[in-house]
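# Fold and geometry: a report
Take a look at the letters that make up each chain.
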Amino acid sequence: LDGKLQPMEVPDGADFRVNIHLTDSGALRPTTDEPVYLRLELNADIYAPRSIGEIKDNSLLAALNGPRLAGFLGRIEVDVPAELLEIHQDHHPPGTVGPRGFKAPPGAVGKT
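Every value quoted in this text rests on a predicted model; they were computed, and no experiment measured them.

A count of helices and strands for the protein gives one helix and four strands. Reading the protein from its N end, one meets helices and strands in the order β-β-α-β-β. With the C-alpha coordinates of the protein rotated into their principal frame, the extents come out at 50 × 25 × 25 Å. For the protein, buried positions account for 21% of its 112 residues. Taking as baseline every contact in the protein between residues at least 6 positions apart, the subset at least 24 positions apart corresponds to 49%. Surface accessibility of the protein: about 8200 Å² in total, with carbon and sulfur atoms responsible for 54%. Counting 11 positive and 16 negative side-chain charges, the protein places the centres of these two groups 7 Å from one another.

Written out as structure tokens, the structure is:
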């Protein structure tokens, strides 16, 4: 959602990849540590309270969209089931990203 609570589309806002390791016969290779590997890469700051873009205070968009990201990640973990292996956060300060997305800073809009 945008700041006016309207649906918005962010072109190339994310990449979602699924890698499946198979045997030569095409069966799932259960002997590997990660026979199915999911990767979600966010290319937009609509979930981050602090943006690395031009406008730094992104707390409104994060409060609107963060719960959607958290719900999506939670459903993947439970429904697939999947296990979180790594969080890579090059552009955001350490400790601001967790298993369910971005952590709101103290006093952020919509923080519970």
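A volume near 1200 Å³ is recorded for the largest pocket. In this structure, the largest pocket is lined by 38 residues; those nearest its centre are R39, L40, L84, E86 and I87. Taken together, the elements giving at least two residues each to the lining of the largest pocket come down to β2 (36–42), α1 (59–79), β3 (97–98) and β4 (101–102). No other element matches β2, which puts seven residues into the lining of the largest pocket. A class-by-class count of the residues in the lining of the largest pocket yields 21 nonpolar, seven polar and 10 charged.

We describe a pair of aromatic rings using the distance from one ring centre to the other and the angle between the two ring planes. On inspection of all chains with the given rule, the structure shows one aromatic pair. Between F16 and F72, the aromatic rings sit 6.2 Å apart at their centres with planes inclined by 65°, giving edge-to-face as the arrangement. Note that F16 is positioned in strand β1 (residues 14–20) and F72 in helix α1, a separation of 56 residues in sequence. Its relative accessible area of 45% is what places F16 among the partly exposed residues.

Okay, the side chain of N58 next. Along the polypeptide, N58 turns up in the loop between β2 and α1. Of the polar contacts made by the side chain of N58, one reaches the backbone oxygen of D45; its length is 2.3 Å. Each residue touching N58, except ones within four places of it in the same chain, is listed here: D45, I46, A48, P49 and S51.

Cis rather than trans, the peptide bond between V80 and P81 has omega equal to -20°. Unusually for a residue other than glycine, L5 sits at a positive phi of about 65°. Tracing the backbone through its elements, the reader meets L5 in the segment before β1.

About the cut-offs
- Residues numbered from 1 in each chain as written.
- Predicted model: local features only at pLDDT ≥ 70, side-chain atom pairs only at ≥ 80, totals over all residues.
- Heavy atoms only, no water.
- Helix = DSSP H or I, 4+ residues; strand = E, 2+ residues; numbered from the N terminus.
- Buried < 20%, exposed > 50% of the residue type's maximum accessible area, 1.4 Å probe, protein only.
- Contact = heavy atoms within 4.5 Å.
- Areas by Shrake-Rupley, 256 points an atom, 1.4 Å probe, with all protein chains shown as cover.
- Lys, Arg positive; Asp, Glu negative; His and termini not counted.
- Charge placed at Lys NZ, Arg CZ, Asp CG, Glu CD.
- 1 Å grid on protein atoms, 1.4 Å probe; cavity = no way out; pocket = protein on both sides within 12 Å on 5 of 7 lines; lining within 4 Å.
- Points joined across faces, edges and corners; volume = space filled by probe spheres on them.
- Nonpolar A, V, L, I, M, F, W, Y, C, P; charged D, E, K, R; others polar.
- Phe/Tyr/Trp six-rings, centres within 6.5 Å; stacked < 30°, edge-to-face > 60°.
- Polar contact = N/O pair within 3.5 Å; in protein donor to acceptor, adjacent residues only side chain to side chain.

Note that all results are geometric; they support no functional claim without further evidence.
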